[in-house]
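The residues making up each chain are set out below.
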Amino acid sequence: MDVSWTLWALTIFGLCALIAVDFFIGRKPHDVSTKEAGIWTIVWIVLAALFGLGLLVFGESQASGEFFAGYITEKSLSVDNLFVFVLIMAKFSVPSHLQQRVLLIGVLIALVLRAVFIAAGAAVIANFSWIFYIFGAFLIYTAWKLIQEARADDEDEEFEENRLLKSIERRFGVSDRYHGTKLFIRTNGKRVMTPLMVVMLAIGTTDVLFALDSIPAIFGLTQDPYIVFTANAFALMGLRQLYFLIGGLLEKLVHLSYGLSVILGFIGVKLVLHALHESGVHVPEISIPVSLGVICGVLIITTITSLMANRKKAEAEAREAKTGDRV
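Note that the coordinates shown come from a computational prediction; the quantities given were computed from them, not determined experimentally. (Residues numbered from 1 in each chain as written. Predicted model: local features only at pLDDT ≥ 70, side-chain atom pairs only at ≥ 80, totals over all residues. Heavy atoms only, no water.)

We now examine the packing of aromatic side chains. In the structure shown here, the tally under the stated rule is eleven aromatic pairs. Judged by centre distance (5.2 Å) and plane angle (90°), the ring pair of W8 and Y226 falls under edge-to-face. Remark: Y226 occurs in helix α8 (residues 225–237) and W8 occurs in helix α1 (residues 5–25); sequence separation between them is 218 residues. Y226 gets classed as buried once you look at its relative accessible area, which sits at 2%. Where F67 meets F68, the ring centres are 5.7 Å apart and the plane angle is 70°; that geometry is what we call edge-to-face. Taking the relative accessible area as the measure of exposure, F68 reaches 23% and is therefore partly exposed. Within the aromatic cluster, the residues linked to one another by ring pairs are W8, F51, F67, F68, Y71, Y226, F229 and F234. Sitting over the face of the ring of F172, R171 holds its NZ or CZ atom 5.1 Å from the ring centroid. (Phe/Tyr/Trp six-rings, centres within 6.5 Å; stacked < 30°, edge-to-face > 60°. Helix = DSSP H or I, 4+ residues; strand = E, 2+ residues; numbered from the N terminus. Buried < 20%, exposed > 50% of the residue type's maximum accessible area, 1.4 Å probe, protein only. Lys NZ or Arg CZ within 6 Å of the ring centre and 35° of its normal.)

Across four bridges, the pairing between strand β1 (residues 184–187) and strand β2 (residues 190–193) is antiparallel. Residue F184 lies in a different strand from β2, and its bridge partner there is M193. Hairpin connection of β1 to β2: two residues between the antiparallel strands, including N188 at a positive phi of 55°. (Pairing = 2+ DSSP bridges.)

Here we come to a positive patch on the surface. Among the surface-exposed residues, K91, R163, K166 and R170 lie close enough to one another that they form a single positively charged patch. It is helix α6 (residues 163–172) that contributes the most residues to the positive patch, three residues altogether. (Patch = residues over 30% accessible without salt bridge, like charges linked within 9 Å, V, L, I, M, F, W, Y side chains within 5 Å. Areas by Shrake-Rupley, 256 points an atom, 1.4 Å probe, with all protein chains shown as cover. Salt bridge = Lys/Arg side-chain N within 4 Å of Asp/Glu carboxyl O. Lys, Arg positive; Asp, Glu negative; His and termini not counted. Charge placed at Lys NZ, Arg CZ, Asp CG, Glu CD.)

Right, let's talk about the packing of helix α2 (residues 34–58) against α8 for a bit. For the pair α2 and α8, the least separation of the axes is 9 Å and the interaxial angle reads 165°. Viewed along their axes, α2 and α8 adopt a mutual orientation that is roughly antiparallel. Every pair of crossing elements has a handedness; the one defined by α2 and α8 is left-handed. Residues W44, L47, A48, F51 and L55 of α2 touch α8, and the partners they reach there are Y226, I227, T230, F234 and M237. (Axes fitted to C-alpha atoms, helices over the stretch in contact; angles between N-to-C directions. Parallel < 35°, antiparallel > 145°, perpendicular 65-115°, else oblique. Left-handed = near helix turned anticlockwise from the far one by under 90°. Contact = heavy atoms within 4.5 Å.)

Bringing the pattern of salt bridges into the picture now. One pass over the structure, following the stated rule, counts two salt bridges. Between E74 and R114 there is a salt bridge, and its shortest N-O distance comes to 3.1 Å. Within this pair, whereas E74 is found in helix α3 (residues 61–91), its partner R114 is found in helix α4 (residues 99–127), the two being separated by 40 residues in sequence. A salt bridge links R311 to E315; the nearest nitrogen and oxygen atoms lie 3.5 Å apart.

The full count for this structure, using the stated rule, is one cavity of 30 Å³ or more. Looking at the largest cavity, its volume works out to about 80 Å³. Every element with two or more residues in the lining of the largest cavity is listed here: α1, α2 and α9 (239–246). The class makeup of the residues in the lining of the largest cavity is five nonpolar, three polar and three charged. (1 Å grid on protein atoms, 1.4 Å probe; cavity = no way out; pocket = protein on both sides within 12 Å on 5 of 7 lines; lining within 4 Å. Points joined across faces, edges and corners; volume = space filled by probe spheres on them. Nonpolar A, V, L, I, M, F, W, Y, C, P; charged D, E, K, R; others polar.)

Bringing helix α10 (residues 256–278) into the picture now. Between its terminal C-alpha atoms α10 stretches 33 Å, which fits the 33 Å expected from 23 residues at 1.5 Å a residue. Once α10 ends, the next one or two residues include G280, with phi positive near 95°. (Expected span 1.5 Å × (residues − 1).)

It is worth spelling out the nonpolar core at this point. Grouped together as the largest cluster of nonpolar side chains are 80 residues, with contacts concentrated most on F67, F92, V94, V102, V199 and F234. Looking at which element gives the most residues to this core, the answer is helix α7 (residues 195–219), with 13 residues. Dropping the residues within four chain positions of it, V94 is found in contact with M89, Q99, V102, Y178 and V199. (Core = buried A, V, L, I, M, F, W, Y, C linked by side-chain atoms within 4.5 Å.)

Next up, the structure:
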């Protein structure tokens, strides 16, 4: 898809405008209700759908299909991020009324860092087609690792700060308590960060680790930097509302990791086939409609099996409770 600098500028301006509106509406710290989170989740999904349809009308069907495949993939992978966000919020004991501000700024930091990753990835792909072998192998390895982690079922998992975050804390120092929405304060004549700033940095920099698999995954669906960026932007910007909407339901998605591993493995195979094709080997390539169908199908099946597993677990616990009462 041939994208002019003007369209790039208009797209970035439009996203900034939407972010500004989101920030203005939620500028006052407050506890986010399920109704508010639900409305904004729908708003961001509708905006993404309209953007994809706009590509279909004013662009081409392939670009639209690639956007929807990329958006759904990034959205499903970003849900996995929410597990870590919950751990971060718990570790730093973030007050409930400040969590929306933390997620907004944290996601913005993540979006900027992902834009850098996307630009670097596009430059590498344009010059070295063999990188698809590495991307494909990495995604297949990540898929296997996800399965291993899901089978381990480590309930005592805790968030550990990365080295960058620790070095920043040592450099600037951190106050011993929250000070509303302030990011820096002066104590004993020295300017130090508040825990709020630390949490925002934790959200943003931790997302970089997730980008290590999500960026190669979407490049496996499209090599168009514009589609890659916009799909990531819409997926990330709706993440804050999704956190408040399904935060309590995350534990019920017991098969999510298996579903994500299947999706990553599938895209990894797609990348390897594409690399072989680029090398002159006559192998079948997986089309975007097939990719979109597989991704949606896996997510639907994962959701259904998760609900069935939770129902069986609840029934088993109810039977055990009745047996215990009789005894």
